[in-house]
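Analysis of the macromolecular model
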Amino acid sequence: MSLSFYVHSKSIRKRFHCERIPLGFDSVNVNPVNECGSGEQNGGGLEDGALPLSDAVTNGKKKVLILMSDTGGGHRASAEAIKWAFNEKFGDEYEVFVTDLWTDHTPWPFNQLPRSYNFLVKHGSLWRMTYYASAPRVVHQSNFAATSTFIAREVAKGLMKYQPDIIISVHPLMQHVPLRVLRSKGLLDKIVFTTVVTDLSTCHPTWFHKLVTRCYCPTEEVAKRASKAGLQSPQIKVYGLPVRPSFVKPVRPKVELRKELGMDEDLPAVLLMGGGEGMGPIEATAKALGNALYDENLGQPIGQVLVICGRNKKLASKLLSAEWKIPVQVKGFVTKMEECMGACDCIITKAGPGTIAEAMIRGLPIILNDYIAGQEVGNVPYVVENGCGKFSKSPKEIANIVGQWFGPKAHELKAMSQNTLRLARPDSVFKIVQDLHELVKQRSLTMQYSAST
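The structure displayed is predicted, hence computed values, not measured ones. (Residues numbered from 1 in each chain as written. Predicted model: local features only at pLDDT ≥ 70, side-chain atom pairs only at ≥ 80, totals over all residues. Heavy atoms only, no water.)

1. Side note on the nonpolar core
Here is the rule we go by: Working definition of a nonpolar core: buried Ala, Val, Leu, Ile, Met, Phe, Trp, Tyr and Cys residues. They are joined through side-chain atoms within 4.5 Å. Summary of the burial criterion: residues with accessible area below 20% of their type's maximum are buried, those above 50% are exposed, and those between are partly exposed, where the area comes from a 1.4 Å probe applied to protein chains only. A run of DSSP states H or I qualifies as a helix once it reaches four residues; a run of E qualifies as a strand once it reaches two. Both are numbered from the N-terminal end. Every residue pair with non-hydrogen atoms within 4.5 Å of one another is taken to be in contact.
Among the nonpolar cores identified, the biggest contains 37 residues, and Trp102 and Phe208 are the most heavily contacted of them. Residue assignment for this core shows that the elements contributing at least two residues are β1 (62-68), α2 (101-105), α5 (137-162), α6 (176-184), β5 (214-217) and α7 (220-228). Of all the elements, α5 adds the most residues to this core, at 7 residues. Leave out the neighbours within four places in its chain, and Phe208 touches His176, Val197, Cys203, Cys215, Val222, Arg225, Ala226, Ala229 and Leu231. Judged by nonpolar contacts, the second largest core, of 34 residues, contains Leu257, Ala269, Leu271 and Val383.

Okay, structure coming up:
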């Protein structure tokens, strides 16, 4: 992703004055430093100035700072999953903070990143151009270097607010600038900086930085990309994609879930999703399913549909008022997606990595009906080539596939369900936090040894 796309250079003027900063994280006992200047040796534009230490981080607990951005729901979901796992596994030993670094700790126009992303994605050709044009290392490294000139001081303030022992990035734009700041202040050997990649296959090169302590990859394909980007084998771990805590816990019986959702307890069910905003050809697909899942010869349905419309109230109202020959349940925005998936036998969705990972944990064969250019392109072959589902943008073709799965090709549905369970990694988030815990212990022992010699 090209940061230069978001920056209107005439709106920003570099400040040339210098003040003094006591830049040091209390949790790692770093002495204040007095540096003045700009460029690479000073964090790329990091100015010195008095920065107060946060009162919230002096309680003796280890501090974890997770850097994310609301450019799509997956980054926050992974961040919250990691936060939950730390609390579940280590209790009060760690204090975990989640922050949108760009929105919360940078000035305009950099703090408009989520809004800019949403605009670009809605205009696919613009996003495609931005994604691929910024992929070459020489391009995005130059962009980050220029960006650091304007925001390094604000980023340093944001990091000092939490005084972390561990920094975890779950976003491709959360490595380069923070690492430049930490390196300029000599903190790289005192703070564990890690990346948790939240793309399953194709992923932007900005995910990978050679200075990270660890890069957690969801798949072997991503691990190969990390290695190609210059990361060494000890830096790379393949644990899977961290998903919402509710998917880590055992699922309740399908009959029980269907009863609660108002569904038929016996008919096979397909889950039709349009994301949080209820986007895509949901209405056309639902109507096609209504025809494909009704046996005209028998005069009865062979399946049912659970439609999630998200915040699209207009869509929900239209589907609720329609007449159906098969059982159709229409829901708005839901918070218990694990129960919706647990009540169904397959899913129709766009190629978002989080939804794919969660569907696999629930053993649901997946029909992908769309993808975002760039980061989601590779998710289609990942699902199809692993025998976990199919891809089609045609509502009629999608409905026919489901009709076959609920009829003469039930064996194919069963085989795909087994394949999804084989690829599922429900314990990934626990493996990640356990490894982070070990890294912190190793770093602490190293620092104690260095202090005694």
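2. Some details on α5
For the record, the criterion: To estimate the expected span of a helix, count its residues, drop one, and scale the result by 1.5 Å. The seven residues ending at a residue and the seven starting there each receive a fitted axis; the angle between those axes is the bend at that residue.
The end-to-end C-alpha distance of α5, which contains 26 residues, comes to just 30 Å, noticeably less than the 38 Å that a straight helix rising 1.5 Å per residue would cover. A maximum bend of about 65° is found in α5 at Ile151. Downstream of α5 by a residue or two, Gln163 has a phi angle that is positive, lying close to 45°.

3. A few points about the environment of Thr99
Mapping Thr99 onto the fold places it in strand β2 (residues 94-100). You can call Thr99 buried: its relative accessible area is 2%. Counting along the chain gives 23 residues from Thr99 to Arg76, while the straight-line C-alpha distance between them is 9.3 Å.

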